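# Working through the structure, step by step
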Amino acid sequence: MKKFIQALPKVELHLHIEGTLEPELMFELAKRNNVDIPFQSIEEVRQAYSFHNLQSFLDIYYQGANVLIKEQDFFDITWAYLLRCQEDNVLHTEIFFDPQTHTARGIAFDTVVNGIHRALAKGSDELGISSKLIMCFLRHLDEKSAFETLSQAKPHKDKIIGVGLDSTEIGHPVGKFERVFNEAINQGFLTVAHAGEEGPASNIRDALDLLKVARIDHGVSCSEDNILLDQLIAQRIPLTVCPLSNIKLKVFDQMEQHNIVDLLLKGVCVTINSDDPAYFGGYMTDNFIAVTDAHPMEKAQVAQFTINAIEASFISDEEKERLVNITQTYLDQS
Ligand code: ADE
Ligand code: ZN
């Protein structure tokens, strides 16, 4: 099964580029940019990556992002992630970035987006990995800041396919962002949102109703609400689930208790993703292996995660058909 998973074609739909900052690169960039970090060694960083909930992770994650200053830094972090994609046979990836984490520190929006985009273009040319870029608003900040971010994105509309919503879920209802999401939709952006990670199923309903999202990031609390579950199944509303993240942030105590396989078997369009792999101990292959170790499955069921992700992605119908064919051929030959 591990061999099958390693070479299985994969599509990632929930990945925060700031969450791919490995401690080695953090030290390198801290040195290059003369930024102080509160760690003496790589081991110390890894020890600090022990979290008891989402907020305890976010505090460390925003601190880590301080070493990202120049366009080349954003290029380097993105390129390092794409090389991991190549190792894991990820054929297509849809990447989040958090502009406000950087603009709040005086880094220009252009610096961030140009560095990431340059790496994605090289990834397409040299590695054959296709990609889309989604900018997230931070839900702990206010509506005004989200509107400012949306206006900064205007000159980069050709590089950004959609807007999302991330950061602290509890205490920050999605309603605060209804107007800015409406404006983003009017400008032609697609929408997604984190919901139902730590928060209740009603947050998923609100994201669907108020933000008109094409898919839900996480969404694992949908199991609490059978009517919502029926809606997700009937309308094929995708969930971008992040199994190792959910264990590290104590959404579930153990992978055996995770509901992703139950949701798959019920017919929900669930997908496997790595979220913030440098912080949660694994990229795509690691997430697939962790799920199948805890929940014995057939190869065709495992491949269904990729088929679902292709369906849920923002690529063209022709490209979807091409990726489904690659995946089906792989499955048939395994
Ligand atoms: N930002 C980065 N990772 C996140 C997560 N898992 N939930 C909310 N915001 C995030
Ligand atoms: Zn996330």
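Before reading on, note that the structure itself is shown above.
Report follows, based on the coordinates.

Reading guide: rules and limits
- Residues numbered from 1 in each chain as written.
- Chains lettered and ligands numbered in written order.
- Predicted model: local features only at pLDDT ≥ 70, side-chain atom pairs only at ≥ 80, totals over all residues.
- Heavy atoms only, no water.
- Core = buried A, V, L, I, M, F, W, Y, C linked by side-chain atoms within 4.5 Å.
- Buried < 20%, exposed > 50% of the residue type's maximum accessible area, 1.4 Å probe, protein only.
- Contact = heavy atoms within 4.5 Å.
- Axes fitted to C-alpha atoms, helices over the stretch in contact; angles between N-to-C directions.
- Helix = DSSP H or I, 4+ residues; strand = E, 2+ residues; numbered from the N terminus.
- Parallel < 35°, antiparallel > 145°, perpendicular 65-115°, else oblique.
- Left-handed = near helix turned anticlockwise from the far one by under 90°.
- Nonpolar A, V, L, I, M, F, W, Y, C, P; charged D, E, K, R; others polar.
- Near = heavy atom within 4 Å.
- Polar contact = N/O pair within 3.5 Å; in protein donor to acceptor, adjacent residues only side chain to side chain.
- Areas by Shrake-Rupley, 256 points an atom, 1.4 Å probe, with all protein chains shown as cover.
- Lys, Arg positive; Asp, Glu negative; His and termini not counted.
- Salt bridge = Lys/Arg side-chain N within 4 Å of Asp/Glu carboxyl O.
- 1 Å grid on protein atoms, 1.4 Å probe; cavity = no way out; pocket = protein on both sides within 12 Å on 5 of 7 lines; lining within 4 Å.
- Points joined across faces, edges and corners; volume = space filled by probe spheres on them.

Ranked by size, the top nonpolar core spans 104 residues in total, and within it Phe97 and Tyr279 carry the most contacts. Not counting chain neighbours up to four residues away, the residues in contact with phenylalanine 97 comprise Ile17, Glu18, Phe109, Val112, Val113, Ile116, Leu133, Ile134, Met135, Cys136 and Ile160. By size, the runner-up hydrophobic cluster in this structure holds eight residues, among which are Val11, Ile310, Ala312 and Leu323.

For the pair helix H8 (residues 143–153) and helix H9 (residues 178–186), the least separation of the axes is 9 Å and the interaxial angle reads 15°. The pairing of H8 with H9 is recorded here as roughly parallel in orientation. Seen from above, H8 lies across H9 with right-handed handedness. Across the interface between the two elements, Glu143, Ala146, Phe147 and Leu150 from H8 touch Arg179, Val180, Glu183 and Ala184 from H9. In terms of residue class, the contact of H8 with H9 is built from five nonpolar, no polar and three charged.

The next subject is the site of ligand 1. The environment of ligand 1 is made up of His16, Leu54, Phe57, Leu58, Tyr61, Asp166, Ser167, His194, Glu197, His218, Asp275 and Asp276. A distance of 2.7 Å separates a nitrogen atom of ligand 1 from a polar atom in the side chain of aspartate 275. Contacts to ligand 1 include aspartate 276, whose side-chain N or O atom sits 2.7 Å from a nitrogen atom. Burial of ligand 1 by the protein amounts to 100% of the accessible area it has alone, namely 260 Å². Considering every element that reaches the shell around ligand 1, the biggest residue donor is helix H4 (residues 54–64), with four residues.

Attention now goes to the side chain of arginine 139. Along the chain, arginine 139 falls in the loop between strand S3 (130–138) and H8. Of the side chains with opposite charge, glutamate 169 lies nearest to the buried arginine 139, which makes no salt bridge, at 5.0 Å.

So, on to the pattern of salt bridges. Counted according to the given criterion, the structure contains 18 salt bridges. The residue glutamate 87 makes a salt bridge to arginine 84 at a minimum N-O spacing of 3.1 Å. With a gap of three residues between them, glutamate 87 and arginine 84 both fall in helix H5 (residues 71–87), about one helical turn apart. A relative accessible area of 51% means that glutamate 87 is categorised as exposed. Of the charged contacts in the structure, one is a salt bridge between arginine 205 and aspartate 225, with a shortest N-O distance of 2.9 Å.

Glancing now at the layout of surface pockets. Where empty space is left becomes clear once a probe the size of a water molecule has been rolled over the atoms. In this structure, the largest pocket occupies an estimated 180 Å³ of space. Lining the largest pocket are 14 residues, and of these His117, Ser131, Lys132, Leu133 and Lys159 sit closest to its centre. For the lining of the largest pocket, the per-class residue count stands at six nonpolar, four polar and four charged.

The next point concerns empty space enclosed by the protein. Summed over all chains, the structure comprises one cavity of 30 Å³ or more. Of the voids in this model, the largest cavity is the one considered here, and its volume is about 110 Å³. For the lining of the largest cavity, the residue count by class is seven nonpolar, four polar and five charged.

Along H4, eight of the 11 residues are buried, which leaves the element largely enclosed by surrounding structure. Every buried residue belonging to H4 is among Leu54, Ser56, Phe57, Leu58, Ile60, Tyr61, Tyr62 and Gly64, and all of these are buried. Where H4 is buried, its residues meet strand S1 (10–16), helix H2 (23–33), helix H3 (42–48), helix H6 (99–103), S3 and helix H14 (277–280). The backbone nitrogen of glutamine 55 lies 3.3 Å from a side-chain oxygen of the residue at the head of H4, namely asparagine 53.

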